[in-house]
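Tertiary structure, described
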Amino acid sequence: MTKPVQPDDSYLRAVSAATERAVAAAAPIRSDHAGADEALRAEVEEWVDGHADDLVALSRDLHAHPEEAFAEHRSAGQAAELLRRHGCDVEVGVGGLDTALRASVGNGGPHVAVLAEYDALPGIGHGCGHNIICSAAVGGFLAAASAVSATGGRVSLFGTPAEEGGGGKEHLARAGLFDDVDAVVMLHPFSHDIATHPFLGRRQVEVVFHGVAAHAAAQPFMGRNALDAVVATYQGVAALRQHMPSTDRVHGIITDGGKRPNVVPDRAAALFYVRSAEPGSLRDLASRIEAIAHGAASMTGCGVELNWDNNPAYLPIRHNDELAARWAEHQVRRGRTSLPRGVVPEYLTGSTDLGNISYRVPAIHPMIGLGDPNLALHTDEFAAAAGSPAGDRAVLDGAVGLALTAVDYLTDAALREAVDAEFRAAGGALDVPAYFD
């Protein structure tokens, strides 16, 4: 057996070196708003540091017991147990999802939600660091809740299952959980600290071709080869790539190629992920994939069916810069510098269902670094970092950032108006379920 040729890493090393220079030269992000007063900020930060053991223990426990999308029963239970120990009423199984949870403190006034994720990946566990996301969110919510009597308004924690492909946040949004929410804050671990890193919108499509079976040796002319149609589609997508914007991505696999070589396949199928940086360009790219599939059907004499989005489509994130600037200011007090957009190459990204929420209400999704600029998401190395002391520090620094950003939103009316004005200027709320209809 020959071994695969390992890719040359010259380009990756050059990108790493250029990124390091750009990071060193980047200007800090500043906010025009005052937010909460320093005494209240100090109290909130002290709350997080005073409960560090609980938060780190939760992160380590989730890391040691990874659970995949929609099956995060233990993870949701551990988060709920910690919340209850701190006096919170917790609902588990909200919005029609068994592993979703909700806790709220306060009444009336502005309402900010802190979002937790806790699903893991098959085979590599928390290779996306959702144990950090959950623990930082729980800590951020509890710290902000401790200050609600001074801030007024309301703060909630939503535990959102199945970010890894299941679209849990979209399910919860359609169930009405976000209907009375004014702003959303969450974080994601990464290789760098970044205030507003782009995430791509994503759709998925199963392309199924139906042909006519025939004996491949005796009467191949009586067949219509569904596998040929899949191969033509795959090659058509490959040809399309040079005509797509540089931000776009399409990748796919053949999931059914027939049963035996001596029978012309009467069924074949492929699954594609389609990603783009803007909702409109995602819709356009999807239409081009459809055209390729219909062309392949015509040239092979096969029928075709396209099954879009068995789980909800993901929109790209619409970041709220006003709110993200408050996050960046608070990370400075933890010894971190949150980079502006574009310093770290923007193609080092993926997709998230937080994008769907960001087109409903103002939202932030900052990245918090784990100390290694060469870490890549969805790898064993990232999973190891998520359960390391660097991951523990990210939990605490992230909890402080989320809590203080939430407290700022609740206390500073000028900040709230600026956040809302930016959201309206970007187009306001979108009818997400209807967008791709």
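Scoring rules and cut-offs
Residues numbered from 1 in each chain as written. Predicted model: local features only at pLDDT ≥ 70, side-chain atom pairs only at ≥ 80, totals over all residues. Heavy atoms only, no water. Phe/Tyr/Trp six-rings, centres within 6.5 Å; stacked < 30°, edge-to-face > 60°. Helix = DSSP H or I, 4+ residues; strand = E, 2+ residues; numbered from the N terminus. Lys NZ or Arg CZ within 6 Å of the ring centre and 35° of its normal. Pairing = 2+ DSSP bridges. Axes fitted to C-alpha atoms, helices over the stretch in contact; angles between N-to-C directions. Contact = heavy atoms within 4.5 Å. UniProt positions renumbered as here; feature names shortened; annotations may be inferred. Core = buried A, V, L, I, M, F, W, Y, C linked by side-chain atoms within 4.5 Å. Buried < 20%, exposed > 50% of the residue type's maximum accessible area, 1.4 Å probe, protein only. Expected span 1.5 Å × (residues − 1). Arc of directions from axis to C-beta. Polar contact = N/O pair within 3.5 Å; in protein donor to acceptor, adjacent residues only side chain to side chain. Parallel < 35°, antiparallel > 145°, perpendicular 65-115°, else oblique. Left-handed = near helix turned anticlockwise from the far one by under 90°. Nonpolar A, V, L, I, M, F, W, Y, C, P; charged D, E, K, R; others polar.

The name given to the protein chain in an unreviewed UniProt entry is Peptidase M20 domain-containing protein 2, with Saccharopolyspora kobensis as the source organism.

1. Structural notes on the packing of aromatic side chains
For the structure on display, the rule yields 3 aromatic pairs. Here F158 and F178 contribute two aromatic rings whose centre-to-centre distance is 5.2 Å and whose plane-to-plane angle is 85°, an arrangement assigned as edge-to-face. With F158 in strand β4 (residues 154-159) and F178 in the loop between α7 (168-174) and β5 (183-185), the pair connects residues that are 20 residues apart, well separated along the chain. Positioned above the aromatic ring of W308, the side-chain terminus of R203 is 4.4 Å from the ring centre.

2. Re the sheet that holds strand β7 (residues 201-210)
With antiparallel pairing, 4 strands are arranged side by side in an open sheet as β8-β9-β7-β10. Bordering the open sheet on either side are β8 (249-256) and β10 (303-308), each of which pairs with just one other strand. Neighbour to neighbour, the strand axes of the sheet diverge by 20° on average, direction disregarded. In this structure, β8 lies alongside strand β9 (residues 267-276), joined through 7 bridges in antiparallel fashion. The residue bridging V250 from the neighbouring strand is V274, located in β9. Across the sheet, helix α8 (residues 226-240) touches β7, β8 and β9, and the angle it forms with β9 is around 15°. Here helix α9 (residues 279-300) sits on the sheet in contact with β7, β8, β9 and β10, set at roughly 10° to β7.

3. Considerations on the UniProt feature "domain: Peptidase M20 dimerisation" (unreviewed entry) in the protein chain
In the UniProt entry, the feature "domain: Peptidase M20 dimerisation" (unreviewed entry) is given for residues 203-293. Secondary structure within residues 203-293 divides into 33% helix and 29% strand; the distance between the first and last C-alpha atoms comes to 16 Å.

4. Points about the nonpolar core
Counting 94 residues, the largest nonpolar core has L83, V138, F141, L157, F178 and V184 as the members making the most contacts within it. When residues of this core are assigned to their parent elements, the largest contribution, 12 residues, is made by helix α13 (residues 389-411). Beyond its immediate sequence surroundings of up to four residues, F141 is in contact with L83, C88, A103, S104, V105, V114, V155, S156 and L157. Judged by nonpolar contacts, the second largest core, of 31 residues, contains M244, A297, A313 and V432.

5. Comments concerning helix α14 (residues 413-425)
End to end, α14 covers 18 Å across 13 residues, agreeing with the expected 18 Å (1.5 Å per residue, within 8%). Those residues of α14 not exposed but buried are L415, R416, A418, V419 and F423. Buried residues in α14, looked at end-on, bunch into an arc of 165°, giving them a common side. Its buried side turned inward, α14 meets α10 (321-332), α11 (354-358) and α13. Where α14 begins, one side-chain oxygen reaches toward the backbone nitrogen of A414, 3.1 Å away; that side chain belongs to D412.

6. Overview of α10
Count 3.6 residues to each turn of an α-helix, and residues three or four apart come out pointing the same way. Compared with the 16 Å implied by 1.5 Å per residue over 12 residues, the 17 Å span of α10 between its first and last C-alpha is a close match. Considered for burial, the residues of α10 that qualify are L323, A324, A325, R326, W327, A328, H330 and Q331. Packing partners of the buried residues in α10 comprise α2 (38-50), β5, β11 (363-364), β12 (367-369), α13 and α14.

7. Digging into the packing of α8 against α9
Contact pair α8 / α9: the axes reach a minimum separation of 9 Å and the direction vectors enclose 140°. Taken together, the axes of α8 and α9 are oblique relative to one another. Handedness of the α8/α9 crossing: right-handed. Between α8 and α9, the contacting residues are D228, A229, A232, T233, G236, V237 and L240 on the first element and L285, R288, I289, I292, A293, A296, M299 and T300 on the second. For the contact of α8 with α9, a count of residues per class yields 10 nonpolar, 3 polar and 2 charged.

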